[in-house]
Amino acid sequence: MTGKPVPVANPDSAVFWEACNEKRFLIQSCNSCGEKQFYPRALCKSCHSKDLEWQEVSGRGKVKTFTVVNHAPSPAFKADLPYVLALIDLEEGVRAMMNILDCDVADVHIGMDVELTFERRGKQYIPQAKPVSKG
Amino acid sequence: MKKAIITGAYDTDVGELPGSSCMGLHADAALGAIADAGLNKSDIDGVLCAYSFTEPHLMLSSVFCEYMGLQPKFNAAIVVGGATACIMVMQAASLVESGQCRNVLVVTGDNRLTGMAKGGAVATLAKVGHGQFEHPYGMSVPAAYALVATHYMNEYGVTSEQLASISVTAREHAMMNSKAHRQTPITIEDVLNSRMIASPLHVLDCCLISDGGAAIVVSAADSGGDRPKTSIEIMGTGQGHTHEHIMAAPSLSDFGCKQAARTAFERAGVTAKDIDVAEIYDSFTITLLVELESIGFFERGEAGPACLDGALKIGGRLPCNTHGGLMSYGHSGAAGGMFHVVEAVRQLRHEAEGRQVEDSQLAFVHGDGGILSAHCSLVLGRV
Ligand SMILES: [Zn+2]
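Not measured: the values here are computed from a predicted model.

*Asks:* Whenever I open this one, the sheet that holds strand 3 (residues 52-56) of chain A confuses me. Can you help?
*Replies:* The strands making up a sheet are joined through hydrogen bonds of the backbone, oriented either antiparallel or parallel. Taken together, the three strands give an open sheet; going across it, the order is 2-1-3 (chain A), and neighbouring strands pair in antiparallel fashion. Each edge of the sheet is formed by a strand with only one pairing partner; in this case those strands are strand 2 (36-37) and strand 3 of chain A.

*Asks:* Which parts of the structure should I look at to understand the domain arrangement of chain A?
*Replies:* Accessible area lost during the coming together of the parts is what is often quoted as the interface size. All names here are of chain A. Annotation of chain A at the domain level lists domain 1 (9-56) and domain 2 (58-135). A separation of 21 Å is found between the C-alpha centroids of domain 1 and domain 2. Together domain 1 and domain 2 conceal approximately 1,000 Å² of surface at their shared face, both sides included; 72% is due to carbon and sulfur atoms. It is N21, K23 and F25 in domain 1 that bury the most area against domain 2; as a group they hold 47% of the surface buried on that side. At the boundary of domain 1 and domain 2, one finds zero salt bridges.

*Asks:* Even after reading the chapter, I still don't get the layout of surface pockets, so can you show me in this structure?
*Replies:* Unoccupied space between atoms shows up once a probe the size of one water molecule is rolled over them. In this structure, the second largest pocket occupies an estimated 270 Å³ of space. Lining of the second largest pocket is provided by 14 residues; of these, K45, G93, V94 and R95 of chain A together with M247 of chain B occupy positions nearest its centre. Of the residues contributing to the lining of the second largest pocket, the split by class is six nonpolar, two polar and six charged.

*Asks:* Help me understand empty space enclosed by the protein, please; the structure alone is not making it clear to me.
*Replies:* Residues and elements named next belong to chain B. Within the structure shown, the criterion is met by three cavities of 30 Å³ or more. Each pocket or cavity is described by its volume, and for the largest cavity that value is around 40 Å³. Taken together, I166, T169, A170, D282, L288, L312, C320, N321 and M327 form the lining of the largest cavity. By residue number, the principal contributor to the lining of the largest cavity is helix 6 (residues 160-174), which donates three residues. Looking at the lining of the largest cavity residue by residue, the classes come out as six nonpolar, two polar and one charged.

*Asks:* Help me understand the interface of chain A and chain B, please; the structure alone is not making it clear to me.
*Replies:* With 34 residues of chain A at the contact, the number on the chain B side is 29 residues. Counting the contacts that link chain A with chain B gives 14 residue pairs in polar contact (both at pLDDT 80 or more). For the side of chain A that touches chain B, the elements supplying multiple residues, two or more each, are helix 1 (14-20), strand 4 (60-69), strand 5 (83-90), strand 6 (95-99) and strand 8 (124-131) of chain A. When its residues are assigned to classes, the side of chain A that touches chain B shows 23 nonpolar, eight polar and three charged.

Calculation criteria
Residues numbered from 1 in each chain as written. Chains lettered and ligands numbered in written order. Predicted model: local features only at pLDDT ≥ 70, side-chain atom pairs only at ≥ 80, totals over all residues. Heavy atoms only, no water. Pairing = 2+ DSSP bridges. Helix = DSSP H or I, 4+ residues; strand = E, 2+ residues; numbered from the N terminus. Domains from an automatic or database assignment. Buried area = accessible area lost by both parts, 1.4 Å probe. Salt bridge = Lys/Arg side-chain N within 4 Å of Asp/Glu carboxyl O. 1 Å grid on protein atoms, 1.4 Å probe; cavity = no way out; pocket = protein on both sides within 12 Å on 5 of 7 lines; lining within 4 Å. Points joined across faces, edges and corners; volume = space filled by probe spheres on them. Nonpolar A, V, L, I, M, F, W, Y, C, P; charged D, E, K, R; others polar. Contact = heavy atoms within 4.5 Å. Polar contact = N/O pair within 3.5 Å; in protein donor to acceptor, adjacent residues only side chain to side chain.

As structure tokens, then:
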């Protein structure tokens, strides 16, 4: 069985994926119009300026929407079933797709507070979400 | 500007077709549509193809023309997922309206059921997800649509029963159509009890995987010929595009279908209320519900109860997917969207035997590609 997909960085995303390996999640902030964006691009999608700055996020966010996946798109995900696929709105105003780990799938709900965690995939860490730890 | 009309429409057998091939299905669909238009091979001066999973090629339309011995004046492949068929029709209309072509063959087909290993189509489709930022999370296409479904349920009170009723209606229509891939009766309970794929979508909330092909011929109204069948006018067309990846969709409530339909209605000089029959992309039950509300056929939150109440049935307020749609008639890649176009032509010609919407004059056809990403609408009318 082949393993789960490992993201392959390109020149747009190399900085992002290197930061993930240091357990940091970076978004891009536009020095020209102030817009923040994720996923990484070579330019600001709003004003097309290339004057972008990397910004580390707080790591907190909320579940915008989610699904509990019961049928895997490929054999690599079969062992994880059922798993949660979600769109997470980070505090900084950007949205990302993640799984929600370390929780009962029945407890996941829209608006749920989550925080970032990182899952190892081969030599790469990928960002994931988990319920906010208590206390 | 010349007027664009559909002179020929045809679809092959649909379902499990052992021994079929991608190009063979293209050829059968093309021959059927050309004959339906009362034309010959030599009359075709434009060709539009889509894409294939089983015989993928960088230049599919050139492969097809070579296979058929065609040397058209215009030839291109269009690849926009489930919006492809409608976009091809829109493009064909532009080609004849501008005088560049007289008769454009628009052809689709794939044998993604028998021509791929089990699970192959699902795995290939999952690649519409972003390679770095979605694919690693195990996003399938049903899971991506399920994200929208969860949002709609939470935001607008859509229920699983309402979604299930969309699937049941499609099946009821398929049972009136001897060509349909799936004709076993189903109930709302059957849908709710079917295997969960990605909550809240069950397997019976999802489209089929089928073999099949479909084609139409778009002609200039003044191109002459015998025209054995009633011609259908392409009255209005429109597109709307907001994103590719669901993580980047600007809204989870409204999508490009809103803009696409508005443009098509404006160009046709009609409104949603004037439509007699609608053939709308229904890759999942939620797909159709979102489109019905986003386009404006129903107010926000009203499509679900209306579907449950029979609004989409033949004889209902908006007869929809009268052939059985992608969920029960069949889904063969780009041909899936083309089945909707072919069915609209049949309804407007009043030749939809056993499932005819009485005296239909005006049809709306809609295609959706990606995760509600790319949209194209057509308004078709009986000339
Ligand atoms: Zn900017």
